[in-house]
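Residue-level structural notes
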Amino acid sequence: MARAEKLYAQAFQESEKREDRTSAIISLCGRAETMIASNPDEAVATATRAVDYAANAGLDQQAMTLQSLANVLINTGRAMEPQTMDVLQRALAAAERVYGPQHPSLAVSLRVYAVLLHGHGRESEGESVYHRAQEIVDNTFGPDSVTAQNFHAEYERILSSVTSPTEPATRTDSAMRQVSQASTSQTQPPTLPAVTAE
């Protein structure tokens, strides 16, 4: 990971020299993700820097950096901190403005938010948010699709670890790391098949 961190740092510096804000933001987010295990505080600081750097960029870049910061906060054991809930709410609002209220990428973020709400003892609100996420997946892929079934199974698996009879903070942080890791690879919208005119 140290090599990846160094490469992201170099990519960021090169992007700044070229005044390529998009590449710089992606480099900061990537660097933050690589530092989670080795330097959690620096990972949070770097992800926060990416959010600040994207403040004057496009809304899509703001949504991406906020989601990255939320993932970093969750994966560094800060799922129960108020800042995490705030960042995730801001990420959801930005993602909804970028992708629209029915986009599959939004469903993944909603699922993370639903689990976080459960972890904070706000079960009914968490269920409501999750049902919205499941509706998006069902409408996009079909309720009987493998994607929809996997989406629901993953939620149930993670939710069971949030509601297991262990120490509340420990089980929530563990569950949030699981859902964040499951969503990290899905932060970009899925590629849909090309439609050709006949």
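Residues numbered from 1 in each chain as written. Predicted model: local features only at pLDDT ≥ 70, side-chain atom pairs only at ≥ 80, totals over all residues. Heavy atoms only, no water.

1. A few points about helix H3 (residues 40-54)
Each full turn of the α-helix corresponds to 3.6 residues, which orients residues three or four apart in the same direction. This is how it is decided: Secondary structure elements are defined from DSSP: runs of H or I of at least 4 residues count as helices, runs of E of at least 2 residues count as strands, and each element is numbered from the N terminus. Multiply 1.5 Å by the residue count of a helix minus one, and that product is the helix's expected span. Categorising residues by exposure relies on relative accessible area from a 1.4 Å probe, with only protein chains included: less than 20% of the type maximum marks a residue as buried, more than 50% marks it as exposed, and the intermediate range marks it as partly exposed.
Taking 1.5 Å of rise per residue, 15 residues should cover 21 Å, and H3 covers 21 Å from first to last C-alpha, within 8% of that figure. The complete set of buried residues in H3 reads Ala43, Val44, Thr46, Ala47, Ala50, Val51, Tyr53 and Ala54.

2. Details of helix H2 (residues 21-34)
Put simply, the rule reads: Residues count as neighbours in contact if any of their non-hydrogen atoms are within 4.5 Å of one another.
Taking 1.5 Å per residue as the helical rise, H2 with its 14 residues ought to reach 20 Å, and the 20 Å between its terminal C-alpha atoms agrees with that figure. Of the residues making up H2, those classed as buried are Ala24, Ile25, Ser27, Leu28, Cys29, Gly30, Ala32 and Thr34. Next to the buried residues of H2 lie helix H1 (2-18), H3 and helix H4 (59-75).

3. With respect to the packing of H1 against H2
Note the following rule: Convention adopted: a line fitted to C-alpha atoms gives each axis, helices being fitted over their contacting stretch, and angles between N-to-C directions are expressed from 0 to 180 degrees. These descriptions rest on fixed angle ranges, namely under 35 degrees for roughly parallel, over 145 for roughly antiparallel, 65 to 115 for roughly perpendicular, and the rest for oblique. Whether a crossing is left-handed or right-handed is set by the direction in which the near helix is turned from the far one by less than a right angle, anticlockwise for left-handed and clockwise for right-handed. Here the term charged refers only to Asp, Glu, Lys and Arg, the term nonpolar to Ala, Val, Leu, Ile, Met, Phe, Trp, Tyr, Cys and Pro, and the term polar to all other amino acids, Gly among them.
Following both chains from N to C, one finds H1 and H2 inclined at 165°, their axes separated by 8 Å at the closest point. Classified by the angle between their axes, H1 and H2 sit roughly antiparallel to one another. For H1 against H2, the interelement crossing comes out left-handed. The segment H1 lies against H2, with Ala4, Glu5, Tyr8, Ala9, Ala11, Phe12, Ser15 and Arg18 engaging Ser23, Ala24, Ile26, Ser27, Leu28, Gly30, Arg31 and Thr34. Class assignment for the residues of the contact of H1 with H2 results in 8 nonpolar, 5 polar and 3 charged.

4. Some details on the pattern of salt bridges
Selection criterion: A pair is scored as a salt bridge if a Lys or Arg side-chain nitrogen falls within 4 Å of a carboxyl oxygen belonging to Asp or Glu.
Taken as a whole, this structure holds 5 salt bridges when the rule is applied. As a salt-bridge pair, Glu125 and Arg122 come within 2.8 Å of each other at their nearest N and O atoms. Overall, Arg122 belongs to the partly exposed group, its relative accessible area being 33%. A salt bridge links Glu154 to Arg157; the shortest N-O distance between them is 2.7 Å. One end of the pair is Glu154 and the other is Arg157, both in helix H8 (residues 146-162) and 3 residues apart, which spans about a single turn. Residue class for Arg157 comes out partly exposed when judged on its relative accessible area of 40%.

5. Notes on the packing of aromatic side chains
Applicable threshold: Centres within 6.5 Å make a pair out of two Phe, Tyr or Trp rings, where for Trp the six-membered ring is used; the pair is then stacked when the planes are under 30 degrees apart, edge-to-face when over 60, and tilted otherwise. When the NZ atom of lysine or the CZ atom of arginine is within 6 Å of a ring's centre and also within 35 degrees of its normal, the charge is said to sit over that ring.
Counted according to the given criterion, the structure contains 2 aromatic pairs. One aromatic cluster is present, formed by Tyr130, Phe151 and Tyr155 through successive ring pairs. Arg21 extends its terminal NZ or CZ atom over the ring of Tyr53, reaching a point 4.6 Å from the ring centre. Here the guanidinium or amino end of Arg111 rests over the ring plane of Phe151, the centre of that ring lying 4.5 Å away.

6. Structural notes on the confidence of the model for the protein
Threshold: Scored from 0 to 100, pLDDT reflects the predictor's confidence in each residue.
Averaged over every residue, the pLDDT of the protein is 81; residues scoring 70 or more account for 81%. Segment residues 184-198 is flagged for pLDDT under 50; beyond a separation of four residues in sequence, or across chains, it makes 18 contacts in the model.

7. Quick look at the nonpolar core
Nonpolar side chains tend to gather and get buried jointly when the protein is soluble and globular. To keep it simple, the criterion reads: Residues enter a nonpolar core if they are buried and are Ala, Val, Leu, Ile, Met, Phe, Trp, Tyr or Cys, with the set joined through side-chain atoms within 4.5 Å.
Residues Leu69, Val72, Leu110 and Tyr113 are the most contacted members of the largest nonpolar core, which totals 42 residues. With 9 residues, helix H6 (residues 104-119) is the single largest residue contributor to this core. Setting aside its immediate chain neighbours within four residues, Tyr113 contacts Met85, Leu88, Gln89, Leu92, Glu125 and Val129. Ranked by size, the runner-up nonpolar core spans 9 residues in total, among them Phe12, Ala24, Leu28 and Ala50.

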